[in-house]
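In case you want the letters, here they are:
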Amino acid sequence: MTTIVGANGESIEVIGTAILEAGTNHAPHFTEPGYASTGFITICAALVFFMTPGLGLFYSGMSRSKNALSLIMISMLAMSIITVQWVLFGFSLAFSETGGRFIGNFKHGGFKDIGAAALEFTAPTIPGVLFALYQMQFATLTPALIFGSVAERIRLVPAMIFIFLWSTLVYDFGAYWTWSYRGWIKSLSCLDTLSTEPCAVGGFDFAGGGPVHVASGFAGLAYCIMIGKRRKHHAEEFKAHNMTNVFLGTAMLWFGWFGFNGGSALGATPRAAMACLVTTLATASGSLAWVLYDYSQHAKLSGLGYCSGAVAALVGITPAAGFVAPWAAIIIGAVTAVICNMACRLKNKLGFDDSLDAWGVHGVGGVVGNLLTAIFAQKWITLLDGAETDGGWVDGNWKQMGYQIAGTVAIAAWSFVVSCLILYVINKIPGLHLRPTESEEHIGNDLGEMGEIAYEIVPSKPPVHDNLPTHGPKTAEKDKQWQEKVETEVQLA
């Protein structure tokens, strides 16, 4: 904080680019000259919004075609459900500055008192309404990540109820612990004074390694264990049906992640620019590392491997983005990708069906990213916007690893246990069983849950019947059999 002299000789306190009313301890109406940060974070919110349909396409392409539409649907449903929840009470639980050590209160329920005034201790550089909008996009994306673990075998209505309850009981708690003014992970070094004077010396998590990725990954693990493995019919293969969608979804996620990580600086600052730079460096490094690791095993350059490596690296750099230098980002991206690659192979050995590797990429990637942040965080990076920290191991701050481990383990354990309890209760309610019947699963979630399909498979022409007349009862019978065969193929595709 600095003090400047105004045009009339009065003292004006400045935090970052936000001007506070002199002689008070409260943020007034936001008065940033030029509104650079306001415009920047507004754009970042739109970029993060764009990630949710990108995730839907990513998951859709990785599934079999008969489940493609339902994975896009559940991603968009998560966006709508949590948007409403966030306004009603989710934002208040996650970010109220007058809450306790464990969770916030309902002070801002219905967005009460959220307007031009900044949240003084949480986001003093932008209007409160913009901070709420930006964080809303994180909250809507996070539960959608979970369904990569249970793709192809979920019922949508129970999943919608799970999304609402999980965000309230898991995400809002994790976000409060990690980012809020009185969050205990954020101030691990001063828990005894947390209620009266938080010190903000604790775990580092710039953009959501814990609340977003660790929480969703371990919830996905709980979901896939509770619901069981996919049923395999005859010689069916569980493989990606549309690599074009996988690449398109990956590109949309990579693009949106500039807003996800860069915007977490909460201002148009050099630190935001550095966060964007290290994000794309890590992603490039991770995509190459995964592809080359696979090539060493199979002598093939896999497109799916490239996309998986890119997303794993994006996950790994998320908690570190505002703390590490460019050279460290290259290491973080590559290391996270290779470890996630190995983690994705564990599901066959351990006997659970993490369908699209949400746990292997987001859960494990979030853990790895959090721990690598403790190693590579540096003081000079945080000083790019005036924040002061002790850095990580490269700056001689050995205690940081302890803070990172404590926060990561707490969020992983909380998410896994609470997710299991939510799923158990929902499954016991009549009509809300979590999993489709065997016949519904056989025809796919698209038809079974939505009555719609992503693709119409239409042969270019009917088969030619040799040695048969071009009309008559035998031809009609053959054509009827052919039509039934086509309809069956559409259902099973």
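Preceding this section is the structure that the text describes.
What counts, and at which threshold
Residues numbered from 1 in each chain as written. Predicted model: local features only at pLDDT ≥ 70, side-chain atom pairs only at ≥ 80, totals over all residues. Heavy atoms only, no water. Helix = DSSP H or I, 4+ residues; strand = E, 2+ residues; numbered from the N terminus. Buried < 20%, exposed > 50% of the residue type's maximum accessible area, 1.4 Å probe, protein only. Contact = heavy atoms within 4.5 Å. Areas by Shrake-Rupley, 256 points an atom, 1.4 Å probe, with all protein chains shown as cover. Core = buried A, V, L, I, M, F, W, Y, C linked by side-chain atoms within 4.5 Å. Phe/Tyr/Trp six-rings, centres within 6.5 Å; stacked < 30°, edge-to-face > 60°. Lys NZ or Arg CZ within 6 Å of the ring centre and 35° of its normal. Disulfide = S-S within 2.5 Å. Axes fitted to C-alpha atoms, helices over the stretch in contact; angles between N-to-C directions. Parallel < 35°, antiparallel > 145°, perpendicular 65-115°, else oblique. Left-handed = near helix turned anticlockwise from the far one by under 90°. Nonpolar A, V, L, I, M, F, W, Y, C, P; charged D, E, K, R; others polar.

Peer 1: Would you take a moment to explain the overall build of the protein chain for this structure?
Peer 2: Regarding its fold elements, the protein chain presents 16 helices and 3 strands. Here the protein chain holds 493 residues, and 55% of them are scored as buried. The long-range share in the protein chain, meaning contacts at least 24 apart out of those at least 6 apart in sequence, stands at 73%. For the protein chain, the accessible surface area stands at approximately 20400 Å², while carbon and sulfur atoms represent 65% of it.

Peer 1: Which parts of the structure should I look at to understand the nonpolar core?
Peer 2: Burial of nonpolar side chains together is a common tendency in soluble globular proteins. Residues Phe147 and Tyr223 are the most contacted members of the largest nonpolar core, which totals 119 residues. Among the elements that make up this core, the one with the highest residue count is helix H4 (residues 156-179) (12 residues). Setting aside residues no more than four positions away along its own chain, Tyr223 makes contact with Ile146, Phe147, Val150, Ile154, Ala159, Phe162, Leu423 and Leu434.

Peer 1: I would appreciate a short explanation of the packing of aromatic side chains in the present structure.
Peer 2: Pairs of aromatic rings are described using the distance from one ring centre to the other and the angle between the two planes. Per the counting criterion, the structure on display carries 33 aromatic pairs. Centroid distance Phe91 to Phe111: 5.7 Å. Interplanar angle 70°. Geometry classified as edge-to-face. With Phe91 in helix H2 (residues 68-95) and Phe111 in the loop between H2 and helix H3 (128-146), the pair connects residues that are 20 residues apart, well separated along the chain. The pair Phe91 / Phe111 is uniform in exposure class, with both members buried. Aromatic side chains Phe102 and Trp177 sit 5.2 Å apart centroid to centroid with 45° between the ring planes, which places their arrangement in the tilted category. Taken together, the residues span a long stretch of sequence, with Phe102 in the loop between H2 and H3 and Trp177 in helix H4 at a distance of 75 residues. The buried category is assigned to Trp177, whose relative accessible area is 3%. Each member of the aromatic cluster is reached from another via a ring pair, and the members are Trp86, Phe91, Phe95, Phe111, Phe131, Tyr134, Phe138, Tyr171, Trp179, Trp257 and Phe260. The ring centre of Phe238 lies 4.1 Å from the NZ or CZ of Arg230, which sits over that ring. One cation-aromatic arrangement involves Arg271 over Phe323; the distance from NZ or CZ to the ring centre is 5.1 Å.

Peer 1: Explain the state of the cysteines here, please?
Peer 2: Two cysteines joined by a covalent bond between their sulfur atoms form a disulfide. Counted by the stated rule, this structure contains 1 disulfide. Between Cys190 and Cys199 runs a disulfide, and the two sulfur atoms are separated by 2.1 Å. On the S-S bond that ties Cys190 to Cys199, the torsion sits near -100°, and the link is left-handed. What makes Cys190 buried here is its relative accessible area of 7%. Relative accessible area serves as the criterion here: at 31%, Cys199 is assigned to the partly exposed category.

Peer 1: Which parts of the structure should I look at to understand the packing of helix H1 (residues 36-62) against helix H6 (residues 243-262)?
Peer 2: Two quantities define a packed helix pair, namely the angle between the axes and the distance from one axis to the other. Relative to each other, H1 and H6 sit at 155°, their axes nearing to 7 Å. Relative to H6, H1 is oriented roughly antiparallel. Both H1 and H6 take part in a crossing whose hand is left-handed. When grouped by side-chain class, the residues that make up the contact of H1 with H6 number 18 nonpolar, 9 polar and no charged.

Peer 1: What am I meant to see in the packing of helix H5 (residues 209-227) against helix H11 (residues 358-376) here?
Peer 2: Put simply, H5 and H11 touch, their axes get as near as 7 Å, and they point 145° apart. The element H5 and its partner H11 pack so that their crossing is left-handed. Contacts between H5 and H11 involve Gly209, Gly210, His213, Val214, Ser216, Gly217, Phe218 and Leu221 on the former and, on the latter, Ala358, Trp359, His362, Gly363, Gly366, Val367 and Asn370.

Peer 1: Got a minute to help me understand unusual backbone geometry in this structure?
Peer 2: The bulk of non-glycine residues show a negative phi, and the bulk of peptide bonds are trans. Phi at Asp113 takes a positive value of approximately 65°, unusual for a residue other than glycine. Examined against the element boundaries, Asp113 turns out to sit in the loop between H2 and H3. Using a relative accessible area of 53% as the deciding quantity, one classes Asp113 as exposed. The phi angle at Asp357 is positive, at roughly 65°, despite the residue not being glycine. Here Asp357 falls in the buried class, since its relative accessible area comes to 16%.

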